[in-house]
Amino acid sequence: MLTVDGITMRFGGITALDGVGFAVEQGTAVGLIGPNGAGKTTLFNCLTRRCTPDEGTVRYEGEDLLSVPPHAVAGYGIARTFQNLGLFQHLTVRENVMVGAHHRGRTGYLAAALRLPRVRREEARLHSLAQELLRRLDLADVADHPASDLPFGTLKRVELARALAVEPRLLLLDEPVNGLSHGEVEVFADLIRAVREDFDLTLVVVEHHMGFVMGLCDRVVCLDFGRTIADGPPEQVQRDPAVIEAYLGAAA
């Protein structure tokens, strides 16, 4: 489904990604792990076209993803969440979720300004989609609450709901359980497993919580200083000496 080959990304004299490559089979969950600064979020930004790599290729379902403009990525069935919540604080929970379906809107500026019937029909359809996602993620009770004053764990679910509103086939989760308590992590892991099955999703997950990654992912890729140092089943990667050294350091 997704093939990343030789991705290199430089910021001035800093090489954030150095020839990174891996593949993601449809229907699988792949974890991206590595110490802070390993290049994980930069890689996500390349996949969603927030950044353009200096070298390498990314192919998604046979298409050259690097030739796709950023605003068109969602239309290809790719959605993401953000490490530091990317919600609109002044909008309600429902409105935030509806934003995720914006790319499917077909009415133009003039029709929207005139409030033509097709605009109202489209808004009703998106409202219905958002309502179903809010119900599915147990957010219906806070649907009309601003996204600014809710508990952090609830906001994580709001962002997941907004990503699902894209109707993705490939979902990129950037540190989805960062900041959650131990109990919340278990609940969120169960939720991700359920939506993965219900929505037939392929997942790529960046996360530092090893229990979450190892319990969710079919394969794990480890980055260190922008390079791939391990790629394989979770049990194999967590025992890899290079991975252990990257996280814990070498003996003095």
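This report concerns the structure included in the present document. Quick caveat, the model's predicted, so the values are computed rather than measured.

So, about the overall build of the protein. Summing up its helical and strand segments, the protein has nine helices and ten strands in all. The globule rule puts the C-alpha radius of gyration for 252 residues at 18 Å, and the 19 Å found for the protein is close to it. Along the first, second and third principal axes, the C-alpha set of the protein runs to 70 × 40 × 30 Å. Every one of the 252 residues in the protein was classed for burial, and the buried ones make up 48%. Taking contacts inside the protein between residues at least 6 apart in sequence as the whole, the part at least 24 apart equals 67%. Only carbon and sulfur atoms are counted for the fraction: they give 52% of the accessible area of the protein, which is about 12,200 Å². Looking at charge distribution, the protein has the averaged site of its 25 positive side-chain charges lying 7 Å from that of its 33 negative ones.

This paragraph deals with the side chain of R80. Here R80 shows up in strand β6 (residues 78-80). A distance of 2.7 Å separates polar atoms of two side chains, one belonging to R80 and the other to N45. Within the structure, R80 has its side chain in polar contact with the side chain of T48 (distance 3.4 Å). Once you skip the residues sitting within four places of it in the chain, R80 turns out to touch T41, F44, N45, T48, R50, A163, L171, L172 and D174.

Before going further, it helps to spend a moment on the sheet that holds strand β4 (residues 55-60). Strand order in the open sheet formed by four strands is β2-β1-β4-β5, and the pairing between neighbours is antiparallel. Looking at the sheet topology across the chains shown, the edges are occupied by β2 (14-24) and β5 (63-64). Note that β4 and β5 share two bridges and pair antiparallel. Residue pairing across strands places R59 opposite D64, the latter belonging to β5. Across the sheet, helix α1 (residues 40-47) is in contact with β1 (2-11), β2 and β4; its angle to β1 comes to roughly 115°.

Of all hydrophobic cores here, the largest spans 48 residues; its most connected members are L137, L160, L164, L171, I192, L203 and F212. When residues in this core are grouped by element, the largest group, seven residues, is from helix α5 (residues 152-165). In contact with L203, other than residues within four places in its own chain, are T28, A29, V30, L171, I192, R196 and L216. The next biggest cluster of nonpolar side chains, apart from the first, holds 30 residues, and it includes L65, V73, V206 and L223.

Parameters at a glance
- Residues numbered from 1 in each chain as written.
- Predicted model: local features only at pLDDT ≥ 70, side-chain atom pairs only at ≥ 80, totals over all residues.
- Heavy atoms only, no water.
- Helix = DSSP H or I, 4+ residues; strand = E, 2+ residues; numbered from the N terminus.
- Rg over C-alpha atoms; globule rule 2.2 N^0.38 Å.
- Buried < 20%, exposed > 50% of the residue type's maximum accessible area, 1.4 Å probe, protein only.
- Contact = heavy atoms within 4.5 Å.
- Areas by Shrake-Rupley, 256 points an atom, 1.4 Å probe, with all protein chains shown as cover.
- Lys, Arg positive; Asp, Glu negative; His and termini not counted.
- Charge placed at Lys NZ, Arg CZ, Asp CG, Glu CD.
- Polar contact = N/O pair within 3.5 Å; in protein donor to acceptor, adjacent residues only side chain to side chain.
- Pairing = 2+ DSSP bridges.
- Axes fitted to C-alpha atoms, helices over the stretch in contact; angles between N-to-C directions.
- Core = buried A, V, L, I, M, F, W, Y, C linked by side-chain atoms within 4.5 Å.

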